[in-house]
Amino acid sequence: MKILHIDSSILAANSVSRGLTQALVDALQSKHGKTEVIRYDLAQQEIPHLSGEILGAAFTEQADWSELQRTEAARSEQLIGEFLAAEILIIGAPMYNFSIPSQLKAWIDRVAVAGRTFKYTENGPVGLAGGKKVYVVSSRGGVYSNEQGQQMDFQEDYLKTVLGFLGISDVQFIRAEGVAMGGDAREAALAAAKAAIAAA
């Protein structure tokens, strides 16, 4: 079994999502036995955001690519290959300003590629990356699962939408929310997330 493990928190050892994604990897390895894990720490292994030059490689003859275009095309190819090969995808996605970290968006922009992970047809777009199980470890300082909070949640809905666009419908959110609301709320949030991990 191949697991692609992605962390996007910028908080290093102070990150809630990092501890939970590692606990989930450990639980899945214990459950499934031999696994191959590829891990990206997007705060340390930064993926450059798309630029006009990087994107321009798609519209330029390879012989005319700049050094940056060659480097980034190779990077994108590796990321897409690992994404397509993974049977399980674990994404650590803390909520930053009601959405996801820009580091995670940079990774998404590299793997959401027409002709590779989705295609356009006369009946609309079709995802090409199905057949995976995705766990999103979603950490939030406040509470956004209630009716009022959902109006400000552009984190989970975005991830569910983009993964669905790529053909992935088996997406499970493991949520730790309210972690900045005091000791009891934090402990309750972590306990709920750990219970969900144990049941994964």
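Here the structure is a predicted model, which means the values were calculated and not measured. (Residues numbered from 1 in each chain as written. Predicted model: local features only at pLDDT ≥ 70, side-chain atom pairs only at ≥ 80, totals over all residues. Heavy atoms only, no water.)

Enquirer: Go over the packing of helix H4 (residues 102-111) against helix H6 (residues 156-165) with me, naming the residues and quoting the values.
Expert: Viewed as axis vectors pointing N to C, H4 and H6 meet at an angle of 10°, and their least axial separation amounts to 12 Å. Considering the angle they form, H4 stands roughly parallel to H6. Packed against H4, whose contacting residues are Leu 104, Lys 105 and Ile 108, the element H6 presents Tyr 158, Leu 159 and Val 162 at the interface. Class assignment of the residues belonging to the contact of H4 with H6 gives a composition of five nonpolar, no polar and one charged. (Axes fitted to C-alpha atoms, helices over the stretch in contact; angles between N-to-C directions. Helix = DSSP H or I, 4+ residues; strand = E, 2+ residues; numbered from the N terminus. Parallel < 35°, antiparallel > 145°, perpendicular 65-115°, else oblique. Contact = heavy atoms within 4.5 Å. Nonpolar A, V, L, I, M, F, W, Y, C, P; charged D, E, K, R; others polar.)

Enquirer: I'd love a proper account of empty space enclosed by the protein, names of residues and values included.
Expert: In this structure the tally under the stated criterion is one cavity of 30 Å³ or more. What the largest cavity holds in volume is close to 40 Å³. Lining the largest cavity, in full, are Phe 83, Ile 91, Trp 107, Ile 108, Val 111, Val 162, Leu 163 and Leu 166. For the lining of the largest cavity, the elements supplying multiple residues, two or more each, are H4 and H6. (1 Å grid on protein atoms, 1.4 Å probe; cavity = no way out; pocket = protein on both sides within 12 Å on 5 of 7 lines; lining within 4 Å. Points joined across faces, edges and corners; volume = space filled by probe spheres on them.)

Enquirer: Explain the sheet that holds strand S1 (residues 2-7) residue by residue, including any values.
Expert: Read from one edge to the other, the open sheet built from five strands follows the order S2-S1-S3-S6-S7, with strand pairing classed as parallel. Taken across any chain shown, the strands that pair with only one partner, and hence form the sheet edges, are strand S2 (36-41) and strand S7 (170-177). On average, each strand axis in the sheet is tilted by 15° relative to the strand beside it, whichever way the strands run. For strand S3 (residues 88-94) and strand S6 (residues 133-140), the ladder comprises seven bridges, and the chain directions are parallel. Its bridge partner being in S6, Pro 94 is matched across the sheet by Ser 139. Contacting S1, S2 and S3, helix H3 (residues 67-85) runs over the sheet at an angle of about 135° to S2. (Pairing = 2+ DSSP bridges.)

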